[in-house]
Amino acid sequence: MASQQAATETRAPHSKYSKRLILKTVLEGGTGLVGQTIVIGGWVKSSNEVRKEPLPPPAVAGDTPAAAKDVTCVEILQTRIPFFRSIMKVLGGNHNPGRGKLESIVQQLPPPPSVVVLQVSDGSCVPSLQVLVDSSIAPPIQVMATGTCILVEGILQQPTVNVRGKHAIELRVEKIMHVGTVVQDKYPLSKKRLPLDMLSDFPHFRPRTTTVASITRIRHSLTQATHTFFLNNGFLYVDMPIITTTDSEGFSDKFQVTTLLGKAIKKEAIAMDDTGGVSLETIKASINEKSKQVEELKRTESNREALVAALQDLRKTNELAAQLEAREKSKSGTSVKTERVKVEFSEDFFSRQTFLTASGRLHLESYACALGNVYSFGPRFRAQKLESKKQVAEMWMIELEIAFSQLEDAMNCADDFLKFVSKWVLENCSEDLKFLSKRVDPTIVDRLLSLTSSSFQRISYAEAMEVLKQVKNKNFEAKLELGMPLTEEHESYLVDEIYKRPVIIHNYPKELQPFYVRLNDDGKTVAAFDVVLPKAGKLIRASQNEERFNVLTTRIKELNLPKEQYEWYLDLRRHGTVMHSGFSLSFDLLVVYATGLIDVREVIPFPRSHGKATN
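Keep in mind that this is a model prediction, so the values were computed, not measured.

Undergrad: Can you explain the overall build of the protein chain? Please cite residues and give values.
TA: Scanning the protein chain for helices and strands turns up 18 helices and 18 strands. Taken over 615 residues, the protein chain has a buried fraction of 45%. Summarising the internal contacts of the protein chain: among those between residues at least 6 apart in sequence, 72% fall at separations of at least 24. Only carbon and sulfur atoms are counted for the fraction: they give 53% of the accessible area of the protein chain, which is about 32700 Å².

Right under this line is the structure:
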């Protein structure tokens with residue numbers, strides 16, 4: 001008896017920075033922790049109430065005195081509630097005075113004792129812990145609502161016979177230390193099995209779902225794998241700036257950074273119409289800028305969707321100009337005197353025009369030219385108005401530069417990296433992968449296993465074009481012409497239907513790549529490659545960068561880029577130049593690949609896309 005009591009009072013060690021024990025530790029410990037007193041905290045996923053077995057009826061003649069010992073009148077009445085209700089049915093009708101009195105007595109009785117069975121999760125693992133709360137410790141209504149947060153102390157035990165479930169261990173609560181209640185009719189997770197897209201307006205609650213919790217743990221594991229791979233292979237981690245004065249690709253739409261919005265700089269009073277301060281001259285100037293941008297995209301952009309978006313933007317601007325011209329003709333000539341706000345970047349915070357960076361590879365080169373192999377991991381921004389499941393305005397990128405290397409070296413690094421992180425997830429996230437295989441995509445594990453063992457198909461852009469032209473039973477939406485970018489449809493067909501494995505496409509036409517990519521000896525193609533995976537699509541963009549000063553300056557001039565913006569970049573070629581290569585990997589798309597989802601917004605904690613920035 002003494003040993004049993006000692007076991008009951010045994011306390012399991014709690015977390016270092018909290019009084020509680022995380023549920024992953026509890027559930028992995030299983031029956032080996034039975035008898036220990038612990039503190040756990042978490043959120044109620046589901047609940048039900050189990051009535052306790054009724055007390056035996058009071059003793060009658062012939063019973064021993066002990067049979068009715070300690071049985072109170074209330075307990076006797078509680079056992080007779082079903083009997084009283086039967087009497088009320090027989091009496092029938094509210095007009096019967098006997099029924100009314102009896103009903104009043106029954107309503108005044110306290111509810112019979114019960115046990116609330118809670119399934120509690122704290123986000124540390126897929127399964128929940130079964131937690132039993134006696135009605136004498138807390139009213140059932142206080143802890144049963146889905147989403148309620150509890151912090152409780154209790155004893156771990158094997159499941160009781162009268163509580164159904166498949167749990168190997170459960171917690172019988174002895175003390176409640178905290179209850180965070182919810183407003184059930186307003187709580188978005190009160191309904192079961194809600195699709196993720198229905199929770200897009202509540203990203204702050206999404207991680208409480210089992211699916212998003214699994215995605216988050218896999219994302220965390222991929223982050224660990226990323227840093228481990230580069231540490232094991234001699235790379236140094238370097239933080240890259242988010243704010244930059246350089247257009248890193250020469251054609252991307254950028255977010256401007258300024259503190260001048262809303263600050264009127266008075267210059268001169270001019271006549272304006274009633275369009276909110278936008279003049280026809282301003283619109284026409286915008287048309288000229290947008291037209292130049294479209295021409296640049298036609299020459300350099302490898303993303304056909306970006307060109308389509310730019311053309312739509314130009315069309316809308318032309319329509320606005322036509323409306324203003326028509327309005328000016330219909331006006332009587334009366335104008336309103338106001339003042340136009342002109343942005344003087346010399347008076348801005350940085351004294352010049354600045355943007356959120358779309359890529360850190362140019363800046364990363366400066367560290368590669370001094371330290372050898374370097375990498376960075378952080379957010380990158382594109383202001384393209386695209387409706388895409390594979391791109392949003394803010395995405396996290398893994399970027400690296402390898403000094404004294406050529407294009408094939410970067411290919412080998414990309415191959416090794418993808419195999420390493422896939423194996424890491426398989427070994428460290430088996431429980432989450434098993435859950436997502438049931439809930440999202442049953443092929444997740446097989447796809448990751450295939451990636452770790454299969455070789456990558458390497459083909460040139462020209463070879464890819466020829467292979468696709470040989471396809472007879474498929475009509476592609478975009479024409480297959482040399483010099484035109486491969487669309488997502490083309491790439492998917494290559495990896496899913498033709499090669500059925502990851503594909504590396506290299507040696508693109510120079511018009512489809514940024515200005516800094518190294519020009520090949522043919523003068524027409526450049527040393528660049530993309531890695532395309534089944535389901536995820538284009539995951540990596542890579543290149544050997546141009547180290548030759550004269551060739552690089554010629555490319556800048558050909559594309560009509562502002563040379564003064566790239567003087568610091570040209571300095572790297574003037575002083576101690578080196579051959580180098582590297583790549584950019586979309587980390588969010590890697591998570592998409594590992595989780596089996598199809599929309600990148602579902603794997604980003606707080607996604608930012610065109611027209612959408614909740615929280």
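Undergrad: Tell me what's going on with the nonpolar core, and back it up with residues and numbers.
TA: One broad rule of soluble globular proteins: the nonpolar side chains tend to lie buried together. Counting residues in each nonpolar core, the largest one holds 57 residues, and the members touching the most others are Leu418, Phe529 and Ile540. When residues of this core are assigned to their parent elements, the largest contribution, 10 residues, is made by helix α11 (residues 407-428). Look past the residues within four positions of phenylalanine 529 in its chain and what remains in contact with it is Leu407, Ala410, Met411, Ala414, Ile504, Ile505, His506, Tyr508, Ile540, Arg541 and Ala542. If you look at the next biggest cluster of nonpolar residues, it comprises 32 residues, including Met465, Val532, Leu552 and Leu561.

Undergrad: An account of a nonpolar patch on the surface is needed here, citing residue identities and associated values.
TA: Together, Ile242, Ile243, Phe349 and Phe350 line one region of the surface with nonpolar side chains, adding up to about 380 Å² of accessible area. Examined against the element boundaries, isoleucine 242 turns out to sit in the loop between β6 (236-237) and β7 (243-244).

Undergrad: Tell me about the sheet that holds strand β1 (residues 37-51), residues and numbers included.
TA: Pairing is mixed in the closed barrel, where five strands are placed in the order β1-β2-β3-β5-β4. Neighbour-to-neighbour, the strand axes of the sheet open up by a mean angle of 55°, direction not taken into account. Pairing of β1 with strand β4 (residues 149-157) involves seven bridges; the strand directions are antiparallel. When the sheet's bridge partners are listed, threonine 37 is paired in β4 with isoleucine 155.

Undergrad: Pulling in residues and values, what's your account of unusual backbone geometry?
TA: Of note in this structure, serine 351 is not a glycine but carries a positive phi near 65°. Summarising the element assignment, serine 351 is placed in the loop between β10 (336-339) and β11 (354-356). Look at serine 351 and you get partly exposed, because its relative accessible area is 47%. Notably, asparagine 560 is not glycine yet its phi reads approximately 60°, a positive angle. By the element assignment, asparagine 560 lies in the loop between α16 (549-558) and α17 (567-574).

Undergrad: Just give me the short version of helix α10 (residues 361-371), but keep the residues and values in it.
TA: Those residues of α10 not exposed but buried are Arg361, Leu362, His363, Leu364, Glu365 and Ala368. In the core, the buried residues of α10 are packed alongside β7, β12 (373-381), β13 (394-403), β17 (537-545), α17 and β18 (580-586). Following α10 by one or two positions, glycine 372 has its phi on the positive side, about 95°.

Undergrad: Talk me through the packing of aromatic side chains; I want residue IDs and the actual numbers.
TA: Applying the stated criterion across every chain yields a total of 18 aromatic pairs. Where phenylalanine 420 meets tryptophan 424, the ring centres are 5.9 Å apart and the plane angle is 40°; that geometry is what we call tilted. Within this pair, phenylalanine 420 and its partner tryptophan 424 are both found in helix α11, separated by four residues, close to a single helical turn. Note on phenylalanine 420: relative accessible area 24%, which makes it partly exposed.

Undergrad: Go over the packing of α16 against α17 with me, naming the residues and quoting the values.
TA: At a closest axis distance of 9 Å, the pairing of α16 and α17 adopts a crossing angle of 160°. Looking at the two axes, α16 sits roughly antiparallel to α17. Side by side, α16 and α17 meet where Phe549, Leu552, Thr553 and Ile556 of the first sit next to Tyr569, Leu570, Arg573 and Arg574 of the second. Here the contact of α16 with α17 is composed, by residue class, of five nonpolar, one polar and two charged.

Undergrad: Before we move on, can you summarise the pattern of salt bridges with the specific residues and values?
TA: Scanning the model with the defined rule gives 20 salt bridges in all. Here aspartate 571 makes a salt bridge to arginine 574, at a shortest N to O gap of 2.6 Å. In this pair, aspartate 571 and arginine 574 are both assigned in helix α17, three residues apart and thus about one turn of the helix distant. Owing to a relative accessible area of 36%, arginine 574 belongs among the partly exposed residues under this scheme. Here the salt bridges do not stand alone but share partners, grouping Glu491, Asp530 and Lys538 into one network.

Undergrad: An account of helix α12 (residues 430-439) is requested, with residue identities and associated values reported.
TA: Of all the positions in α12, only Asp432, Leu433, Phe435, Leu436 and Ser437 are classed as buried. Along its buried surface, α12 packs onto α7 (210-232), α11, α13 (444-453) and α18 (587-595).

Undergrad: Pulling in residues and values, what's your account of the confidence of the model for the protein chain?
TA: Per-residue confidence for the protein chain gives a mean pLDDT of 82; residues scoring 70 or more make up 79%. The lowest-confidence element of the protein chain is strand β9 (residues 269-272), averaging 37 in pLDDT; the highest-confidence one is β6, averaging 98. Here residues 264-277 scores under 50 on pLDDT; set against residues more than four positions off or in separate chains, the count is 32 contacts. Of the regions scoring below 50 in pLDDT, residues 332-340 engages in 17 contacts with residues more than four places distant in sequence or in other chains.

Undergrad: I'd like a rundown of the sheet that holds strand β15 (residues 503-509), residues and numbers included.
TA: Strand order in the open sheet made by the eight strands is β6-β12-β13-β18-β17-β16-β15-β14, with mixed pairing throughout. Either end of the sheet is taken by a strand with one partner, and the two such strands are β6 and β14 (457-460). One ladder, built from seven bridges, connects β13 with β18; its direction is antiparallel. Note on β18: the bridge partner recorded for glutamate 399 is serine 584. Running at roughly 30° to β13, α10 makes contact with β6, β12, β13, β17 and β18 of the sheet.

Undergrad: Kindly report on the side chain of threonine 595, identifying the contributing residues and their values.
TA: With respect to the helices and strands, the residue threonine 595 is situated in helix α18. Residue classification places threonine 595 among the buried residues on the basis of a relative accessible area of 0%. Those residues in contact with threonine 595, other than ones at most four positions away along the chain, are Ile215, Ile218, Leu436, Val440, Ile444 and Val603.

Undergrad: Account for the environment of arginine 458, with residues named and values stated.
TA: If you trace the backbone, arginine 458 turns up in strand β14. For the pair formed by arginine 458 and valine 503, sequence separation is 45 residues and the distance between their alpha carbons is 5.9 Å. Every residue in contact with arginine 458, bar those within four places of it in the chain, is listed here: Glu408, Met411, Asn412, Asp415, Ile504 and His506. Polar side-chain contacts of arginine 458 include one of 2.8 Å to the side chain of asparagine 412.

Undergrad: Summarise the environment of glutamine 457; cite the residues concerned and give the values.
TA: Structurally, glutamine 457 can be placed in strand β14. Taking relative accessible area as the criterion, glutamine 457 reaches 18% and is therefore assigned buried. Distance in space between the C-alpha atoms of glutamine 457 and leucine 494 is 10.0 Å, their sequence separation being 37 residues. Residue contacts for glutamine 457: discarding those within four places in its chain leaves Tyr499, Arg501, Pro502, Val503 and Ile504. In this structure the side chain of glutamine 457 is engaged in a polar contact, spanning 2.5 Å, whose partner is the side chain of arginine 501.

Criteria and thresholds
Residues numbered from 1 in each chain as written. Predicted model: local features only at pLDDT ≥ 70, side-chain atom pairs only at ≥ 80, totals over all residues. Heavy atoms only, no water. Helix = DSSP H or I, 4+ residues; strand = E, 2+ residues; numbered from the N terminus. Buried < 20%, exposed > 50% of the residue type's maximum accessible area, 1.4 Å probe, protein only. Contact = heavy atoms within 4.5 Å. Areas by Shrake-Rupley, 256 points an atom, 1.4 Å probe, with all protein chains shown as cover. Core = buried A, V, L, I, M, F, W, Y, C linked by side-chain atoms within 4.5 Å. Patch = residues over 30% accessible without salt bridge, like charges linked within 9 Å, V, L, I, M, F, W, Y side chains within 5 Å. Salt bridge = Lys/Arg side-chain N within 4 Å of Asp/Glu carboxyl O. Pairing = 2+ DSSP bridges. Axes fitted to C-alpha atoms, helices over the stretch in contact; angles between N-to-C directions. Phe/Tyr/Trp six-rings, centres within 6.5 Å; stacked < 30°, edge-to-face > 60°. Parallel < 35°, antiparallel > 145°, perpendicular 65-115°, else oblique. Nonpolar A, V, L, I, M, F, W, Y, C, P; charged D, E, K, R; others polar. pLDDT = per-residue confidence, 0-100. Polar contact = N/O pair within 3.5 Å; in protein donor to acceptor, adjacent residues only side chain to side chain.

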